[in-house]
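Chains, contacts and geometry: an overview
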Amino acid sequence: MQRESSATDEAYKYLQAVPNPDGSLTRSDFLPTVPPTPQLIDSDSPSKKQLALSKDIPLDNSNISFLRLFRPTKHTDDKLPIIIDFHGGGFVVCSAASAPFHEMLASVSAFTPALIISFEYRLAPEHRLPAAYDDAMEAIMWVRDQSKEVEGCDPWMKELADYSNVYVMGTSAGGNIAYHAGLRALDADVSPLQIKGLILNQPFFGGVQRTLSEERLRHNPALPLNVSDLMWLLSLPLGSDRDHEYSNPLIGCNPKIRRLPRCLIRGFEGDPLVDRIKGLVKMLNASGVQVVAKIDYGGFHGAEIVDESKLQELCLQIKDFIYSC
């Protein structure tokens, strides 16, 4: 028991979060946040070339506080595919304004090219799952409503959005959210949106039984197993274990899975989640879903945040996936 308590304490320190008696968390900046860049910024440094414009749009509902919208800086007269994105952070930390996710999406927006909407969903444990999935559906409905608004439509959306070419994407916990949002959207009235695919970048899934990759990489610095366990403890409904359907999609296979659109699923052999990601790919293939699986023999969880070559791979794979239809 003492060893388990110590592992939990270490996990809180890793997340730079302190649990409060009321069940909430006091968070510090696990990842620094950055403001949007709605206009071109002059810079003499080629390394600081601005790839995309971005702006925050406050929302008037009680769940999602704002969204961050990205568009390429390079002018285009063509309508662009829409990517609805959800950030990582184990459902517990980080934001749509976190610097690594902001920079990643600016690159994806520029190189795809695409119009990207990143939503600020509610975090656990203050808002346990399925709160993030509820917010994800609100995000999809916001995009749907933009297509119908004449006076209130955002100018960037009016100018660039191709509502017939929509993708739902997420990284880590955001990949989990994108997966569940994709399932929910199957039975929702999202017309005239046409969701053409899901992009699951190192999606965060779990289970009670440890996988070989979890055991092999339990002490890896990018996503230690005790941190992963704490994230699930804080985010799943009270009294649930990691075999809950939100965590483990291989338990009690959802019959709606066969209706999912094509999926791009990315992973790294150096990620403790890789065996679960491979299991998801196998399950989707068995259900008749068209899957493009990109499992890199190098890398680690979140590698594209610190490795420029991995970020370039991500951008190229997303572009190929979207424009190969």
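No experiment lies behind these values; they were computed from the predicted model shown.

**Describing the overall build of the protein**
Scanning the protein from N- to C-terminus turns up nine helices and ten strands. Seen along its three principal axes, the alpha-carbon backbone of the protein occupies a region of about 60 × 45 × 40 Å. Restricting the contact set of the protein to residue pairs at least 6 apart, pairs at least 24 apart contribute 77%. A total of about 14700 Å² of accessible surface is found on the protein, and carbon and sulfur atoms cover 53% of it. Here the protein holds 32 positive side-chain charges and 41 negative ones, and the gap between their average locations is 5 Å.

**A look at helix α9 (residues 308-323)**
Taking 1.5 Å as the rise per residue, α9 with 16 residues should run 22 Å; its terminal C-alpha atoms sit 23 Å apart, in good agreement. Here α9 has its buried residues at Lys310, Leu311, Leu314, Cys315, Gln317, Ile318, Phe321 and Ile322. Seen end-on, α9 carries its buried residues on one side only, within an arc spanning 165°. The exposed residues of α9 that point more than 90 degrees off its buried face are Glu308, Leu316 and Asp320.

**What about empty space enclosed by the protein?**
Enumeration according to the criterion identifies two cavities of 30 Å³ or more in this entry. Roughly 50 Å³ of volume is contained in the largest cavity. Lining the largest cavity, in full, are Phe205, Gly206, Asn248, Pro249, Leu250, Arg276 and Leu280. In terms of residue class, the lining of the largest cavity is built from four nonpolar, two polar and one charged. Estimated volume of the second largest cavity: approximately 30 Å³. Forming the boundary of the second largest cavity are Gly206, Gly207, Arg210, Glu214, Leu225, Ser228, Asp229, Trp232, Arg242 and Arg276. For the lining of the second largest cavity, the element with the most residues is helix α7 (residues 225-235), which contributes four residues.

**Let's talk about the pairing of strand β5 (residues 80-86)**
Counting buried residues in β5 gives seven out of seven residues, a clear majority hidden from the surface. Where β5 and strand β7 (residues 161-171) come together, seven bridges link them in parallel fashion. Directly across from isoleucine 82, in β7, lies its bridge partner valine 166. Pairing of β5 with strand β6 (residues 115-119), which is carried by four bridges, proceeds in the parallel orientation. Bridge assignment links isoleucine 82 to a residue of β6, and that residue is leucine 115. In this region the chain leaves β5, passes through helix α2 (residues 99-111) and returns to the parallel neighbour β6; the handedness of that crossover is right-handed.

**Some points on the sheet that holds strand β4 (residues 66-72)**
What the eight strands build is an open sheet, ordered β3-β4-β6-β5-β7-β8-β9-β10; its pairing is mixed. Unpaired on one side and paired on the other, β3 (52-58) and β10 (291-296) mark the two borders of the sheet. Between one strand axis and the next, the sheet turns through 20° on average, direction left out of account. With respect to the sheet, helix α3 (residues 131-146) is in contact with β3, β4, β5, β6 and β7, its orientation differing from that of β5 by roughly 155°. On the sheet, α9 packs against β5, β7, β8 (195-201), β9 (262-268) and β10 and is oriented at approximately 165° with respect to β9.

Cut-offs and rules
Residues numbered from 1 in each chain as written. Predicted model: local features only at pLDDT ≥ 70, side-chain atom pairs only at ≥ 80, totals over all residues. Heavy atoms only, no water. Helix = DSSP H or I, 4+ residues; strand = E, 2+ residues; numbered from the N terminus. Contact = heavy atoms within 4.5 Å. Areas by Shrake-Rupley, 256 points an atom, 1.4 Å probe, with all protein chains shown as cover. Lys, Arg positive; Asp, Glu negative; His and termini not counted. Charge placed at Lys NZ, Arg CZ, Asp CG, Glu CD. Expected span 1.5 Å × (residues − 1). Buried < 20%, exposed > 50% of the residue type's maximum accessible area, 1.4 Å probe, protein only. Arc of directions from axis to C-beta. 1 Å grid on protein atoms, 1.4 Å probe; cavity = no way out; pocket = protein on both sides within 12 Å on 5 of 7 lines; lining within 4 Å. Points joined across faces, edges and corners; volume = space filled by probe spheres on them. Nonpolar A, V, L, I, M, F, W, Y, C, P; charged D, E, K, R; others polar. Pairing = 2+ DSSP bridges. Right-handed = clockwise from strand over helix to strand, strands pointing away. Axes fitted to C-alpha atoms, helices over the stretch in contact; angles between N-to-C directions.

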